[in-house]
Amino acid sequence: QAQLVESGGGSVQTGGSLRLSCVASERTFSSRVMGWFRQAPGKEREFVAAISWSGGTTKYADSVKGRFTISGSKDQNTVYLQMNSLKPEDTAVYYCATDNGGTFIVTNPRLYDYWGQGTQVTVSS
């Protein structure tokens, strides 16, 4: 079974930046869409951003548009999330996930197949 490993989380002050990375462990892992979700304490897991390897289409949650950028390489099964102008409300555990069956980007976490263990991002004011 494919495994996803995230890294790059940490603690920053408001306005700071972080870059999250996620790599799939299996070379034969065939993801069609890779995305990032986040979950703050007491809240549901929410969509942040995703990239479709078909044409390189990207999609962002309104709350992160203009501040976060998703990128990656299908050949390397790797996806990144560059987070700039961070705000305290961005504080959450960030998860990498893959949708192996879909062609279009979906934002419902229940439709994603594999998940990483999560990495904590804390933004202080």
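Residues numbered from 1 in each chain as written. Predicted model: local features only at pLDDT ≥ 70, side-chain atom pairs only at ≥ 80, totals over all residues. Heavy atoms only, no water.

### Focus: the overall build of the protein chain
Selection criterion: Helix numbers and strand numbers start at the N terminus; a helix is a DSSP run of H or I with at least 4 residues, a strand a run of E with at least 2. Atoms considered for the radius of gyration are the C-alpha atoms alone. The globule rule reads 2.2 Å times the number of residues to the power 0.38. Computed with a 1.4 Å probe, the accessible areas rest on the Shrake-Rupley method; for each residue, only the protein chains presented here act as cover.
Within the protein chain one finds 0 helices and 11 strands. Secondary structure of the protein chain in N-to-C order comes out as β-β-β-β-β-β-β-β-β-β-β. Computed over C-alpha atoms, the radius of gyration of the protein chain comes to 13 Å, within 12% of the 14 Å expected from 2.2 N^0.38 for 125 residues, which places it in the range of a compact globule. With the C-alpha coordinates aligned to their principal axes, the bounding extent of the protein chain is approximately 40 × 25 × 25 Å. Carbon together with sulfur atoms contributes 45% to the accessible area of the protein chain, which is approximately 6500 Å² in total.

### A closer look at the nonpolar core
Stated precisely, the cut-off is as follows: Put simply, buried Ala, Val, Leu, Ile, Met, Phe, Trp, Tyr and Cys residues joined by side-chain atoms within 4.5 Å make one nonpolar core. For every residue, the accessible area obtained with a 1.4 Å probe (protein chains only) is divided by the maximum for its type, and the residue is called buried under 20%, exposed over 50%, and partly exposed between those limits. Note on contacts: a residue pair qualifies if any of its non-hydrogen atoms lie within 4.5 Å across the two residues.
Trp36, Leu81, Met83 and Tyr94 are the most contacted members of the largest nonpolar core, which has 34 residues in total. Listing elements by their share of this core, those giving two or more residues are β3 (18-24), β4 (33-39), β5 (46-52), β7 (68-73), β8 (78-83), β9 (92-99) and β11 (119-124). In terms of residues, this core owes the most to one element, β5, which gives 5 residues. The residues touching Leu81, leaving out its near neighbours within four places in the chain, are Leu18, Arg19, Leu20, Trp36, Val48, Ala49, Phe68, Thr69, Ile70 and Tyr94.

So yeah, pure geometry; function would need other evidence.
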